[in-house]
2 protein chains.
Amino acid sequence: MKKAQPGDDRRTLLEARDEFVTQWGTIGTAWGINRTMAQVHALLITAANLMSTDEIMEDLKISRGNAHKNLRDLVSWGLIRSVVRKGERKEYFEAEKNVWKMFCIILRERRRREMRPAQAALQECAARTRGLRGAEAAAFNKQIKDLSDFLELADNVITKISRSEQSRMVPWALKFLK
Amino acid sequence: MKKAQPGDDRRTLLEARDEFVTQWGTIGTAWGINRTMAQVHALLITAANLMSTDEIMEDLKISRGNAHKNLRDLVSWGLIRSVVRKGERKEYFEAEKNVWKMFCIILRERRRREMRPAQAALQECAARTRGLRGAEAAAFNKQIKDLSDFLELADNVITKISRSEQSRMVPWALKFLK
DNA sequence: ACCAAGTTTCAGAAAATACTGAAACTACAA
DNA sequence: TTGTAGTTTCAGTATTTTCTGAAACTTGGT
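From a predicted model like this one, the values you see are computed outputs, not experimental measurements.

Reading the values: the criteria
Residues numbered from 1 in each chain as written. Chains lettered and ligands numbered in written order. Predicted model: local features only at pLDDT ≥ 70, side-chain atom pairs only at ≥ 80, totals over all residues. Core = buried A, V, L, I, M, F, W, Y, C linked by C-beta atoms within 7 Å. Buried ≥ 20, exposed ≤ 12 C-beta atoms within 10 Å, placed from the backbone. Helix = DSSP H or I, 4+ residues; strand = E, 2+ residues; numbered from the N terminus. Contact = placed C-beta atoms within 7 Å. Near = placed C-beta within 6 Å. Nonpolar A, V, L, I, M, F, W, Y, C, P; charged D, E, K, R; others polar. Least-squares fit on C-alpha atoms with pLDDT ≥ 70 in both. Axes fitted to C-alpha atoms, helices over the stretch in contact; angles between N-to-C directions. Parallel < 35°, antiparallel > 145°, perpendicular 65-115°, else oblique. Left-handed = near helix turned anticlockwise from the far one by under 90°. Pairing = 2+ DSSP bridges.

In terms of nonpolar packing, the biggest core is built from 34 residues, with Phe20, Val40, Ala42, Leu43 and Leu44 of chain A together with Ile144 of chain B touching the most fellow members. Those elements that provide at least two residues to this core are α1 (6-30), α2 (35-45), α3 (53-60), α4 (64-77) and β3 (92-95) of chain A together with α5 (99-129) and α6 (135-162) of chain B. Ranked by residues supplied to this core, first place goes to α2 of chain A with seven residues. Every residue in contact with Phe20 of chain A, bar those within four places of it in the chain, is listed here: Ala42 and Thr46 of chain A together with Cys125 and Ile144 of chain B. Grouped together as the second largest cluster of nonpolar side chains are 33 residues, Val21, Ala42, Ile45 and Leu60 of chain B included.

Here's what the structure looks like:
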């Protein structure tokens, strides 16, 4: 029987991380997020150190253009930030690793990018049919208004949650579950 | 100056509904949902009566195959149901119009389709790296565990919300906002 | 001014996704 | 049975999204 080697642990870790990156990519896809973006994110939240564009290209076997684009997108979401080590020209990246903060960032961004336009569209439709005669028009207007009101409530709740501290929300959630 | 005609109201309504269908399609796309599926849904939640496959094909100018597929998908989500009028062979469709119920259905389905696989993947990764030696392995394992714990908490909260009555949750949300 | 290291852009290629239309299928009614 | 009204399937096509790789650009050092 072979003895367990330190190298075995290292290999297991690398494999597990690879597995995580792959899985996170698949999950991202199901959530409507670009696979590569999810993989880059997965790589960075499990990175022990800052990573350069070249390391990411290497790890994921992707082109420079692809790596570049997805890194920029992640930066624009606020999920990662770029760091320049003094004396070096190369850019490095690091992810926000705190899960609660990640969650709040995603909430805020999805709200901004996805809920806002929806609300605007609904309000436009509601305005156009306000005061039209006929039962059908009234029913349509009510349906739109219901959707719009609901979205507004949800929007407010999300805003409030995304501004809260983990230390307040988590115990609160646990209490809610009881 | 022309007098307002009943026909004007009807035209305005049809146009507004068309606008809503288009916008909902775009919004759906941003949310990672197939455009046609979102449009069919929009059509049905604002329909005064049951609609047949042919009417939907006609309204959206889409093929039978496409209409069929998206109707089936919506049925499998539970967002619409098919109705057979007695004495008729044709299938008709109607949507769940109550916004709170719609929301709960979507929560439950996304949880089932998207959160469950994510949790399974995370647990697998956590298991593989539990007890590995070295600081990096410990950090990796902790990060995965944090993600996994958070997802589990979120899962429980979503489950609880999706089982609640609107009459309990909405006042509660309003109080939360204060 | 010029070079070297690095970043950004973007046209074309590849891959993923969605759609069409027609044929196959199902089930009821004459 | 046979015909008919309707549903389902699916191979091929179209569209959309993502990716590549190389050229253009930027910036700091000599």
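Still to come is the rest of the account.
Close to DNA strand D lie 16 residues, the nearest being Ser63, Gly65 and Asn66 of chain A together with Gly65 and Glu91 of chain B. Here the surface near DNA strand D is composed, by residue class, of one nonpolar, nine polar and six charged.

Glancing now at unusual backbone geometry. All names here are of chain A. The backbone of Lys61 sits at a positive phi, close to 55°, despite the residue not being glycine. By the element assignment, Lys61 lies in the loop between α3 and α4. Overall, the presence of 6 C-beta atoms within 10 Å leaves Lys61 in the exposed class.

Take the relation of the copies chain A and chain B next. Under the fitted operation, chain A is carried onto chain B by 0.0 Å of movement along the axis and a turn of 180°, and the coordinates agree to an RMSD of 0.1 Å. In short, the pair behaves as if placed about a two-fold rotation axis. Residues of chain A ranked by C-alpha distance from the rotation axis are headed by Gly32 of chain A, positioned 2.2 Å from it. The fraction of interface residues of chain A whose copies in chain B are also interface residues reaches 100%, indicating that both copies meet through the same surface.

Most of α2 of chain A is tucked away, with nine of its 11 residues classed as buried. For α2 of chain A, the set of buried residues is Met37, Ala38, Gln39, Val40, His41, Ala42, Leu43, Leu44 and Ile45 of chain A.

On to the protein's contact with DNA strand C. Taken together, 16 residues sit near DNA strand C, with Gly65 and Glu91 of chain A together with Ser63, Gly65 and Asn66 of chain B positioned nearest. Where the surface near DNA strand C is concerned, the elements lending two or more residues are α4 of chain A together with α2 (35-45) and α4 (64-77) of chain B. Looking at the surface near DNA strand C residue by residue, the class counts come to one nonpolar, nine polar and six charged.

Residues and elements named next belong to chain B. Relative to each other, helix α3 (residues 53-60) and α4 sit at 115°, their axes nearing to 9 Å. As the angle between them shows, α3 and α4 are arranged roughly perpendicular. Read as a crossing pair, α3 and α4 show a hand that is right-handed. When α3 is examined against α4, the residues Thr53, Ile56 and Met57 are found in contact with a partner set consisting of Arg64, Ala67, His68 and Leu71. Each residue belonging to the contact of α3 with α4 can be placed in one class, and the counts come to four nonpolar, two polar and one charged.

Quick look at the sheet that holds strand β1 (residues 51-52) of chain A now. Residues and elements named next belong to chain A. The three strands lie next to each other as β1-β3-β2, forming an open sheet whose pairing is antiparallel. Strands at the two margins of the open sheet, each flanked by one partner only, are β1 and β2 (80-83). Strand contacts of α2: β1, β2 and β3, with the helix running at about 85° to β3, the strand carrying the most contacts.

Time to look at the pairing of β3 of chain A. All names here are of chain A. Residue alternation in β3 divides its side chains into a buried set, Phe93 and Ala95, and an unburied set, Tyr92 and Glu94. Looking at chain direction, β1 and β3 are connected through two bridges and run antiparallel. The partner of Met51 across the bridge, within β3, is Phe93. Pairing geometry for β2 and β3, over four bridges, is antiparallel. In the strand pairing of β3, Val83 is matched with Tyr92.

Between chain A and chain B, the residue contacts involve 45 residues of the former and 46 residues of the latter. Elements with a contribution of two residues or more to the side of chain A that touches chain B: α1, α5 (99-129), α6 (135-162) and α7 (166-177) of chain A. Here the side of chain A that touches chain B gets 13 residues from one element, more than from any other, and that element is α6 of chain A. Grouping the constituent residues of the side of chain A that touches chain B by class yields 27 nonpolar, eight polar and 10 charged.

The next thing to look at is the packing of α6 of chain A against helix α7 (residues 166-177) of chain B. Interaxial distance between α6 of chain A and α7 of chain B falls to 10 Å at its minimum, and their mutual angle equals 45°. Comparing their axes, α7 of chain B and α6 of chain A come out oblique. For the pair α6 of chain A and α7 of chain B, the crossing hand works out as left-handed. For the pair α6 of chain A and α7 of chain B, contact is made by Leu153, Asn156, Val157 and Lys160 of chain A and by Ala173, Phe176 and Leu177 of chain B, respectively. Its residues assigned to classes, the contact of α6 of chain A with α7 of chain B comprises five nonpolar, one polar and one charged.

Right, let's talk about the sheet that holds strand β2 (residues 80-84) of chain B for a bit. The pairing of strands in a sheet comes from backbone hydrogen bonds and takes either a parallel or an antiparallel form. Residues and elements named next belong to chain B. Reading across from one edge, β1-β3-β2 is the order of the three strands in this open sheet, with antiparallel pairing throughout. Across the chains shown, the open sheet's two edge strands, defined by having one partner strand only, are β1 (51-52) and β2. Looking at chain direction, β1 and strand β3 (residues 91-95) are connected through two bridges and run antiparallel. Among the inter-strand pairings, Ser52 is bridged to a residue of β3, identified as Tyr92. Running at roughly 85° to β3, α2 makes contact with β1, β2 and β3 of the sheet.

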